[in-house]
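Observations on chain architecture
Listed below, chain by chain, are the residues.
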Amino acid sequence: MASSTALICETEAWKDLKGHLEEIKKTHLRDLLSDANRCQQMMVEFDGLMLDYSRQRATVETMDKLLSLAKAAQLTEKIRRMFKGEHINTTEDRSVLHVALRAPKDAVIKSNGENVVPQVWGVLEQIKIFSERIRSGSWVGATGKPLKDVIVVGIGGSFLGPLFVHTALQTDPEAVDCAKGRQLRFLANVDPVDVARNINGLNPETTLVVVVSKTFTTAETMLNARTLRDWIIKALGGSAVPKHMVAVSTNHVKVEMFGIDPRNAFSIWSWVGGRYSVCSAVGVLPLSLQYGFSVVEKFLKGASSIDQHFRSTPFEKNIPVLLGLLSVWNVSFLGHPARAILPYSQALEKFAPHIQQVSMESNGKGVSIDGLPLPFETGEIDFGEPGTNGQHSFYQLIHQGRVIPCDFIGTVKSQQPVHLKREEVSNHDELMSNFFAQPDALAYGKTPEELQKENVSENLIPHKTFSGNRPSLSLLLPELSAYTVGQLLAIYEHRVAVQGFVWGINSFDQWGVELGKVLATQVRKQLHSSRTQGTAPEGFNFSTTTLLKRYLETNPKPEI
Ligand SMILES: O=P(O)(O)OC[C@H]1O[C@H](O)[C@H](O)[C@@H](O)[C@@H]1O
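These lines cover the structure that appears in this document, whether it is placed above or below. Quick caveat: nothing in here was measured; it's all calculated off a predicted structure.

Turning to its location among the elements, Lys 413 is positioned in the loop between strand S12 (406-411) and helix H18 (427-444). Note on Lys 413: 11 C-beta atoms within 10 Å, which makes it exposed. Separated by 177 residues in the primary sequence, Lys 413 and Leu 236 have C-alpha atoms spaced 46 Å apart. Once residues within four sequence positions are removed from consideration, Lys 413 is found in contact with Pro 478 and Glu 479.

The next thing to look at is the pairing of strand S8 (residues 245-249). Counting buried positions along S8 yields five of five residues, so the element is predominantly enclosed. Every second residue of S8 is oriented toward a common face, with Met 245, Ala 247 and Ser 249 on one face and Val 246 and Val 248 on the other, all of them buried. Note: strand S7 (residues 207-212) against S8, four bridges, orientation parallel. When the sheet's bridge partners are listed, Val 209 is paired in S8 with Met 245.

Time to look at the environment of Ala 497. Along the chain, the position of Ala 497 falls in helix H21 (residues 482-503). Along the backbone, Ala 497 and Ile 79 are 418 residues apart, and their C-alpha atoms lie at a distance of 8.7 Å. For Ala 497, the contacting residues outside a window of four places in its chain are Met 82 and Ser 507.

Among the nonpolar cores identified, the biggest contains 136 residues, and Val 153, Val 210, Val 248, Val 296, Leu 325, Val 485 and Val 502 are the most heavily contacted of them. No other element matches the 14 residues that H21 contributes to this core. Here this core gathers at least three residues from each of two domains, domain 1 (9-72 + 313-365 + 372-414 + 426-507) and domain 2 (114-297). Excluding residues that lie within four positions of it along the chain, Val 210 makes contacts with Val 150, Val 152, Val 246, Val 248, Leu 285 and Pro 286.

Taken in spatial order, the six strands make up an open sheet running S1-S2-S13-S12-S10-S11, and their pairing is mixed. Only two strands of the sheet have a single neighbouring strand rather than two, namely strand S1 (43-46) and strand S11 (381-383). This sheet shows a mean twist of 15° between the axes of neighbouring strands, independent of strand direction. Where strand S10 (residues 338-343) lies against S12, four bridges are found, and the strand directions are parallel. Across the sheet, Leu 342 pairs through a bridge with Phe 408, a residue of S12. Its contacts with the sheet place H18 against S12 and strand S13 (472-477), and it is angled at close to 155° to S12.

Spatial ordering of the open sheet is given by S6-S5-S7-S8-S9, a layout of five strands whose pairing is parallel. Two strands lie at the open edges of the sheet, namely strand S6 (183-187) and strand S9 (265-267), each paired on one side alone. Strand-to-strand, the axes of this sheet are offset by a mean angle of 20°, without reference to chain direction. Here S8 pairs with S9 via three bridges, running parallel. Note that in S9 the partner of Ser 249 across the bridge is Ser 267.

This part covers the pairing of S13. Both faces of the sheet carry side chains from a regular strand, because those side chains alternate between them. Of all six residues that make up S13, five are buried, and the element is covered over most of its length. In the sheet, strand S2 (residues 49-52) pairs with S13 via three bridges, with the strands oriented antiparallel. The residue of S13 that forms the bridge with Met 50 is Leu 476. In terms of strand pairing, S12 meets S13 through six bridges, oriented parallel. In the sheet register, Thr 411 faces S13, and the bridge partner there is Leu 477.

Definitions and limits used
- Residues numbered from 1 in each chain as written.
- Predicted model: local features only at pLDDT ≥ 70, side-chain atom pairs only at ≥ 80, totals over all residues.
- Helix = DSSP H or I, 4+ residues; strand = E, 2+ residues; numbered from the N terminus.
- Buried ≥ 20, exposed ≤ 12 C-beta atoms within 10 Å, placed from the backbone.
- Contact = placed C-beta atoms within 7 Å.
- Pairing = 2+ DSSP bridges.
- Core = buried A, V, L, I, M, F, W, Y, C linked by C-beta atoms within 7 Å.
- Domains from an automatic or database assignment.
- Axes fitted to C-alpha atoms, helices over the stretch in contact; angles between N-to-C directions.

So, in structure tokens, the structure goes:
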């Protein structure tokens, strides 16, 4: 329902920035970077992290105007309302309290008048006890063997975050030590290929299946869960299911109906959005099974540290706020629709896919929180790959084609230092040389005059010219550990929220994913009736009917 609340683009602060844009367009990063005073003001340190945003196409004046925009958007008030548990997800009438998932035990965070922190810690305790039983071998499977392998079945927010954190910890020396002899796999896609890959080489006797679904209704997850249940029953009999399957969900009734012992159901709550759920049992249970609860606790502490910083630091030094405002600047004023997330860390290879969901499912909206059509676009296209791999793939476009603001993420120390004596630099130094060089290559570019001085032939000068003036920011972490992974996660979660708060949208619903699900249900019904009754596809347009006919004609009825 529309209300009379003004859209952010109607405020003086927004209009002022539009005017200021003309000034910024006249500048080049080459010149902006020569002002050490400006650059110094664009560096922020907190709890071991260092953010350098001096390569953004912004001046100190731009930052002042963005802070005025934050004021016009009532950002302080919106952040306060989130932490207070108010129902800021208005279309679903819910609080948004992922910050409660990593709050200290004595914190008080209320949803609907009730302090949720004791519930959170109750489930954390349950996970601690359960994961220790599994890891120590005191909990055994149906044939008396310890369960050393875990398959997590889940999709979207019940998959991407835990996979990102698992991938980041897999090579962390402390975590590696704790994971000896154990395997953690993720089954997300309903594609039978993903099922086959997941069970390949695993023995049901030593496997625990964790079904993760907030709703316990997601079609892909439930089908994959049934498939793995059959896999267990076929090998070990029906009575093995409660010993080999547990669940994470809000819906304990459905969990029990599925055949999972309700005592082995780990709760999440309606106030945790799927894509913000990695700090709930969704991530904490699988990660504790693999690495032990004490490692995962450090991850939660890292996230909590950023929550405190986000909640209490003045905006001019507040990392998620600055990042969010700069993203609004890049998208809505400079007109850059994409953002590249480029970790110079192979262990962060699943970070961009996770942030893709956090950001694109949150901020890809067409109306304001009050239901008014937006005359500007929100959200951005997030993508990324670890450096240096990406350099040999899509960086060409970023250097000489489209302008795509880049996030460079690096670590001072490597998880796995490799240094062969005969090499001049270690692998990590080599990696980080690129982390330091790329932002300057993007910012400065290379002029025709410089090329002439290098005696480049005239015909190649246009091809070898780099316009430069391409924005990026650098985030330097001391190391990649459970703690800093938690920090990184929370920084991006809050950055996305800041963007949504400023744009005036609801970043916490996802109605856009529903229509496709409804249409798939119609197709599913049609496939079923065609298979069982031989009916021809009907009720679809010419295109879909033709494709369905081809599929049915050439894909024989599967053996059940
Ligand atoms: O956890 P589940 O209820 O199974 O939901 C899994 C996912 O599916 C939905 O379609 C949403 O787009 C995601 O936000 C959600 O994380």
